[in-house]
Amino acid sequence: WGAAMGDRERRGPRRPLILSDQTVTLRTSVLTNELCCPVCLGIPNNVVATECLHRFCDDCMQKCLRQGKKECPSCRRHVPTRRSLRNDANFTSLIRRLIPDLDAFEEEELQHIAENNSGAQHLQQEAQLERLRAQAAELQARAREELDEEARREAARPRASSPLPREESDPEVDDAAEGFRRPMPPPARGRGSGRGRGR
């Protein structure tokens, strides 16, 4: 302890982290990523810190420990029990200062996500329509190629001699031919015809 104190005195007084009164600006995406809970990807509520100094929502860590995942979700370092977690009141108060109405902020985020998802869904539908159009064009091209191939094969096939032209049909010949086509009635059986019964 004494050596540490003497060491500090040799280095001199601590310098302030911010050297001037200038305002520092950060993009909200950077700030949100730093404040985000790695488990639920939301702004943490009732922040707890692990021994490896990663911060999570208290509910998220409780759920992880209940499911038997006894490790830090960020670095996979062993977290033995709930007692090894520490409430981080400073981080919770920082979040409350930055985002006073956390419920309204989360509701706005959900609306933003829903709008982005609907836009993404529209883009997916457009991409699917484009794929279907491409498939239809490909099928049409294949069908055309098959028809062209069939026409080429038909043109290359040797032709048989053409049949003789039919002459004008004669009505009498047509009637005679029609008679041959009709079935003949069975012959009539009389009493005297045929074999007699055995006597």
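Here's a quick rundown of the structure. (Residues numbered from 1 in each chain as written. Predicted model: local features only at pLDDT ≥ 70, side-chain atom pairs only at ≥ 80, totals over all residues. Heavy atoms only, no water.)

Mapped onto the elements, Leu85 comes out in the loop between helix H3 (58-66) and strand S3 (86-87). Take Leu85: its relative accessible area is 5%, and that puts it in the buried class. Separated by 32 residues in sequence, Leu85 and Leu53 place their C-alpha atoms 9.6 Å apart. In this structure, Leu85 is in contact with Val48, Ala49, Thr50, Met61, Leu65 and Val79, ignoring residues within four places of it in sequence. (Helix = DSSP H or I, 4+ residues; strand = E, 2+ residues; numbered from the N terminus. Buried < 20%, exposed > 50% of the residue type's maximum accessible area, 1.4 Å probe, protein only. Contact = heavy atoms within 4.5 Å.)

As a further point, take helix H4 (residues 89-98). Among all positions in H4, only Phe91, Thr92 and Ile95 are buried. For H4, the arc enclosing every buried residue in end-on projection is 100°, short of the 170-degree limit, so these residues lie on one face. With respect to the buried face of H4, the exposed residues turned more than 90 degrees away are Ala89, Asn90 and Arg97. (Arc of directions from axis to C-beta.)

Here the focus is the nonpolar core. Generally speaking, soluble globular proteins have nonpolar side chains that are buried together. If you look at the biggest cluster of nonpolar residues, it comprises eleven residues: Cys37, Val48, Cys52, Phe56, Cys57, Cys60, Met61, Leu65, Cys72, Val79 and Leu85. No other element matches the three residues that H3 contributes to this core. Leaving out residues up to four positions away in the same chain, Leu65 has contacts with Lys70, Val79, Thr81, Arg82 and Leu85. If you look at the next biggest cluster of nonpolar residues, it comprises seven residues, including Val47, Ile95, Ile99 and Leu102. (Core = buried A, V, L, I, M, F, W, Y, C linked by side-chain atoms within 4.5 Å.)

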